[in-house]
Amino acid sequence: MPENNPAPSPEPGSPAAGASGQEDRNQRYWFHILTQNTSAARNLHAAKLVDKAWQQGDRVCIVCDTMQHAEELDDLLWNFSPDAFIPHSIVPDSATSCSDPVGILLCPPVAEDWDTVIILSATLPADADRFKRLALVAHNDPSVLNQARSHFKQLRALGIEPRVHDQRKRG
């Protein structure tokens, strides 16, 4: 996808670019650090990533920690665009399957079920290196940034060097 794409990120849903297998692998993992420090901004950015990946044919999930957060994301996806519908459902536990192309998960995602996984939860799945594409979204809040740093270290321990899109450095 061209670099001048005005969408929030060219990565989710796009083919990996790179010459070697390790480069390809690292091209599939991204951190998005927002300039704003609100959970609403984080949710909106995640919704934009969901919409882009879904429009490109991916099965997409957002992983969050609480039913309240899942319901906020559910409302946002219902009302995201006045002329578009993003078919989705909340998946409260691992025993619940998701037939929609987009899921809001309150449980760890299964790598084979999803093309793009967006992490908004405090816990990075143990098998994060098995996902086709993974995006972590952090807003500019100290506790969320600390959580993101922890996720970054976990990915490095799995041999993954995620690409960082730090919007705080634009200007």
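Preceding this section is the structure that the text describes.
This section reports on the structure supplied with the text.

Conventions and cut-offs
Residues numbered from 1 in each chain as written. Predicted model: local features only at pLDDT ≥ 70, side-chain atom pairs only at ≥ 80, totals over all residues. Heavy atoms only, no water. Core = buried A, V, L, I, M, F, W, Y, C linked by side-chain atoms within 4.5 Å. Buried < 20%, exposed > 50% of the residue type's maximum accessible area, 1.4 Å probe, protein only. Helix = DSSP H or I, 4+ residues; strand = E, 2+ residues; numbered from the N terminus. 1 Å grid on protein atoms, 1.4 Å probe; cavity = no way out; pocket = protein on both sides within 12 Å on 5 of 7 lines; lining within 4 Å. Points joined across faces, edges and corners; volume = space filled by probe spheres on them. Polar contact = N/O pair within 3.5 Å; in protein donor to acceptor, adjacent residues only side chain to side chain. Contact = heavy atoms within 4.5 Å. Phe/Tyr/Trp six-rings, centres within 6.5 Å; stacked < 30°, edge-to-face > 60°. Lys NZ or Arg CZ within 6 Å of the ring centre and 35° of its normal. Pairing = 2+ DSSP bridges. Axes fitted to C-alpha atoms, helices over the stretch in contact; angles between N-to-C directions. Parallel < 35°, antiparallel > 145°, perpendicular 65-115°, else oblique. Left-handed = near helix turned anticlockwise from the far one by under 90°. Nonpolar A, V, L, I, M, F, W, Y, C, P; charged D, E, K, R; others polar.

1. Considering the nonpolar core
- Membership of the largest hydrophobic core comes to 25 residues, with the highest contact counts inside it found for Leu105, Val117, Ile119, Leu124, Leu134, Leu136 and Leu155.
- Sorting the residues of this core by element identifies strand 1 (29–33), strand 2 (60–63), strand 5 (116–119), strand 6 (133–138) and helix 4 (142–157) as the ones contributing at least two each.
- For this core, the element with the highest residue contribution is helix 4, accounting for five residues.
- Ala46, Ala70, Ile86 and Val102 belong to the second-largest nonpolar core, a separate cluster that totals 20 residues.

2. A closer look at empty space enclosed by the protein
- Tallied over the full model, the rule gives one cavity of 30 Å³ or more.
- Quantified by volume, the largest cavity comes out at close to 40 Å³.
- Only strand 6 and helix 4 provide two or more residues apiece to the lining of the largest cavity.
- Here the lining of the largest cavity gets four residues from one element, more than from any other, and that element is helix 4.

3. Focus: the side chain of Ser121
- Mapped onto the secondary structure, Ser121 falls in the loop between strand 5 and strand 6.
- A relative accessible area of 3% places Ser121 in the buried class.
- There is a polar contact of 2.8 Å between the side chain of Ser121 and the backbone oxygen of Thr123.
- If sequence neighbours within four positions are ignored, Ser121 has contacts with Val63, Cys64, Asp65, Gln147 and His151.

4. So, the packing of aromatic side chains
- Inspection of every chain in the model, using the stated rule, returns one aromatic pair.
- The interplanar angle of 50 degrees and the centroid separation of 5.4 Å between the aromatic rings of Phe31 and Phe152 together place this pair among those described as tilted. Residue Phe31 is located in strand 1, and its partner Phe152 is located in helix 4; the two are separated by 121 residues in the primary sequence.
- On the basis of relative accessibility, which here comes to 3%, the residue Phe31 falls in the buried class.
- Residue Phe152 is classed as buried on the basis of its relative accessible area, which comes to 17%.
- Taking the ring centre of Trp114 as reference, the NZ or CZ of Arg59 above it sits at 4.3 Å.

5. Considerations on the pairing of strand 6
- For strand 6, a buried count of six out of six residues is recorded, marking the element as mostly surrounded by other parts of the structure.
- Taking every second residue as pointing to the same face, both faces of strand 6 are buried, with Arg133, Ala135 and Val137 on one and Leu134, Leu136 and Ala138 on the other.
- Of the pairings in the sheet, the one linking strand 1 to strand 6 comprises five bridges and is parallel in character. Within strand 6, the position partnered with Phe31 by the bridge is Leu136.
- Sheet analysis places strand 5 next to strand 6, joined by four bridges and oriented parallel. Across the sheet, the residue bridging to Ile118 is Ala135, located in strand 6.

6. A few points about the packing of helix 2 (residues 39–55) against helix 3 (residues 67–79)
- The contact between helix 2 and helix 3 brings their axes to 10 Å, and the two run at 55 degrees. Put simply, helix 2 runs oblique to helix 3. Handedness of the helix 2/helix 3 crossing: right-handed. Contact residues: Asn43, Leu44, Ala47 and Val50 in helix 2; His69, Glu72, Leu73, Leu76 and Leu77 in helix 3.
- Broken down by class, the residue content of the contact of helix 2 with helix 3 amounts to six nonpolar, two polar and one charged.

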